[in-house]
Amino acid sequence: MDFDYFRSNEGTPTNNSRQSLLASGWRPFNRELDWGFLWQILYSDSRELTQKSLNLASNVADILGRNNYAWWANLLSVVSENTRYEVEKFWNYITPDPQSPDHRYKDVLSTETPIVQFVSRSSIPIDYVLNRLQEITVLRVLGVLGNPDIITQYHSERDFYFPIDRFISWERLDVINTVYAYWAKDDVWLQIDPYDRGRRQYTLMAKNLAPLINKATYDLAVMLSGYQSRVGKVHSQFNIRTFPADIQNFTDSVQQAILNQNQLAVVVHGQPGTGKTVWTQAVAKEILVPLGYVIFILDHDAIANFVPPTYIERICIVINEADNLAQNRASEVAQYNNKTEHILSLLDGTLYQSVIDDSGIQMQQRLVVLMTCNTTERLDPAMLRKGRVDLIYEFTQLFI
């Protein structure tokens, strides 16, 4: 995605920045009198209202009553910058502030954009890919929401708004200070904070972001596999109904378990060429994606560092060649890494549900783990016990 940022305001004085805002379409926000708000002030803070009203009247009377100036000079002083400042200060007191986010909203999702990748030869770009996924999610949510009801920005002691009928895209919006946008229908706020070199941080705030995130992440898949890591869509070479009849029957059992359980782990094993990997692709595309699951395909390096994102409600993890990962800890090879423990804690739920926000999306999070291996003999016995792996099936026929 290409980002076209306005950079004319960088490093320029305040007045030039204000002119830049006006030139790029922003307009001064004029506060309007709200009789309900004024009655609230009169009812709850009548003493302060009276004092401020008398102070303003006194200032105007002093100007008009000066004897050492001509009457027309006194009249001009009424509209001077100092008097205007006092009038605006009083007007701002008796009129409501522009709408602003309620930072008590429990659902918050942030991303920097564009994401910068930092990868060395000694590490896989797992953080970059997960950050990229979060960026895509936020931008897709904004696409689902469409145009907001209001866009505001405070700069140089003035409130500005951007006319919605002139709004084109968030990337083309001139952002000098913090920008707020609001969608009344969905009760969602967006906060945009500018960084240097045209980078920004987008923060979504709402009482319930889950429905929007589910729509935004539909059909997304993440592959974490060394230097081939990327975010895209699931591709399946074969349809489930092209597999042998026994595998189709097993697939029906898997589908029913997915519908009934919040957490499910499946192991399929068999000789190379029996279609284990392409079966996981078919299940992901035909069953899990339509149900709103985001697919994560992990290799040996990624599984040791992967923690399911907390903002995604339905997650499927595909682990190929699991017998090379969750090896029997009694073997010498398995003692040199912690991948077995990591997979076990993932299956138990202790990895990502030991500490959760009881008001957040994790309370409803569903997890499906699909694992393939050539043989179950090398798997750690603790992984195959009941409660960790729900379904095990052997693929016996060569699949072409």
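See the structure printed just above.
Overview of the structure. The structure displayed is predicted, hence computed values, not measured ones. Here the residue numbering is sequential within each chain, running from 1 through the sequence in written order. Owing to the predicted nature of the model, reporting of local features is limited to residues with pLDDT of at least 70; listing and counting of side-chain atom pairs is limited to 80 or more, with chain, interface and lining totals taken over all residues. Only hydrogens and water are set aside; all other atoms, that is, all heavy atoms of the structure, feed into the side-chain values.

1. A few points about the sheet that holds strand E11 (residues 294–298)
Here comes step 1: Two strands make a pair as long as DSSP finds a minimum of two bridges between them. By definition, any uninterrupted DSSP run of H or I lasting at least four residues is a helix, any uninterrupted run of E lasting at least two residues is a strand, and each is numbered from the N terminus. Read across the sheet, seven strands follow the order E9-E8-E11-E12-E13-E10-E14 without closing on themselves; strand pairing throughout is mixed. Both edges of this open sheet fall to strand E9 (230–232) and strand E14 (391–395), since each of them pairs with a single strand only. Going across the sheet, the axis of each strand differs from the next one's by a mean of 15°, ignoring polarity.
Here comes step 2: Pairing analysis gives four bridges linking strand E8 (residues 221–224) to E11, with the strands arranged parallel. Whenever a helix is involved, its axis is fitted only over the stretch in contact; in every case the axis is a line through C-alpha atoms, and angles between N-to-C directions fall within 0 to 180 degrees.

2. A look at the sheet that holds strand E7 (residues 200–206)
Here comes step 1: With antiparallel pairing, the seven strands of this open sheet are ordered in space as E1-E4-E3-E5-E6-E7-E2. Strands with a single pairing partner mark the edges of an open sheet, and in this sheet they are strand E1 (27–28) and strand E2 (107–113).
Here comes step 2: For strand E3 (residues 150–155) and strand E4 (residues 158–161), the ladder comprises four bridges, and the chain directions are antiparallel. Paired with Tyr154 across the two strands is Asp159, which belongs to E4.
Here comes step 3: Contacts from helix H6 (residues 126–145) reach E2, strand E5 (179–183), strand E6 (188–194) and E7 within the one sheet, and its direction differs from that of E2 by about 110°. Contacts between residues were defined by any pair of non-hydrogen atoms, one from each residue, lying within 4.5 Å.

3. Comments concerning the environment of Tyr195
Here comes step 1: Along the chain, the position of Tyr195 falls in the loop between E6 and E7.
Here comes step 2: The cut-offs for exposure are 20% and 50% of the maximum accessible area for each residue type, with area from a 1.4 Å probe on protein chains only; residues under the lower value are buried, those over the upper are exposed, and the others partly exposed. Judged by relative accessible area, Tyr195 falls into the partly exposed class, the value being 32%.
Here comes step 3: The spatial distance from the C-alpha of Tyr195 to the C-alpha of Glu112 is 9.1 Å, given a sequence separation of 83 residues.
Here comes step 4: For Tyr195, the contacting residues outside a window of four places in its chain are Glu112, Arg200 and Gln201.
Here comes step 5: Here a polar contact means two N or O atoms within 3.5 Å. Within protein one must be a hydrogen donor candidate and the other an acceptor candidate, and residues neighboring in sequence count only if both atoms are side-chain atoms. Looking at Tyr195, its side chain comes within polar contact range of the side chain of Gln201, at 2.6 Å.

4. Looking at the nonpolar core
Here comes step 1: Counting residues in each nonpolar core, the largest one holds 61 residues, and the members touching the most others are Leu142, Ile151, Trp170, Leu190, Phe296, Ile317 and Met371.
Here comes step 2: With 10 residues, H6 is the largest single contributor of residues to this core.
Here comes step 3: Each residue touching Met371, except ones within four places of it in the same chain, is listed here: Val266, Val267, Val268, Ile319, Ala322, Ile343, Leu347, Met383 and Val389.
Here comes step 4: Within this scheme, the nonpolar core is defined by two criteria: the residues are buried Ala, Val, Leu, Ile, Met, Phe, Trp, Tyr or Cys, and they are joined through side-chain atoms within 4.5 Å. Judged by nonpolar contacts, the second largest core, of 28 residues, contains Ala282, Val289, Val318 and Phe399.

5. Points about helix H8 (residues 245–260)
Here comes step 1: One less than the residue count of a helix, multiplied by 1.5 Å, gives the span that helix is expected to have. Here H8 contains 16 residues, and its C-alpha end-to-end distance of 23 Å stays within 8% of the 22 Å for a straight helix at 1.5 Å per residue.
Here comes step 2: When we look at burial in H8, the residues that qualify are Ile247, Gln248, Phe250, Thr251, Val254, Ala257 and Ile258.
Here comes step 3: Where H8 is buried, its residues contact strand E10 (263–270), helix H9 (276–288), strand E13 (366–373) and E14.

6. As for unusual backbone geometry
Here comes step 1: Cis rather than trans, the peptide bond between Thr113 and Pro114 has omega equal to -5°.
Here comes step 2: Within the secondary structure, Pro114 is located in the loop between E2 and H6.
Here comes step 3: Although it is not a glycine, Asp187 sits at a positive phi angle of roughly 55°.
Here comes step 4: Here Asp187 lies in the loop between E5 and E6.
Here comes step 5: On the accessibility criterion, Asp187 (18% relative accessible area) is buried.
Here comes step 6: The backbone of Asp219 shows a phi angle near 70°, a positive value even though the residue is not glycine.
Here comes step 7: Structurally, the position occupied by Asp219 is in the loop between helix H7 (210–216) and E8.

7. Quick notes on the environment of Asn30
Here comes step 1: Within the fold, Asn30 resides in the loop between E1 and helix H2 (35–44).
Here comes step 2: On the basis of relative accessibility, which here comes to 59%, the residue Asn30 falls in the exposed class.
Here comes step 3: In sequence terms Asn30 and Pro98 are 68 residues apart; their C-alpha atoms lie 9.5 Å from each other.

8. A look at the side chain of Thr372
Here comes step 1: By the secondary structure assignment, Thr372 is in strand E13.
Here comes step 2: In this structure the side chain of Thr372 is engaged in a polar contact, spanning 3.1 Å, whose partner is the side chain of Asn320.

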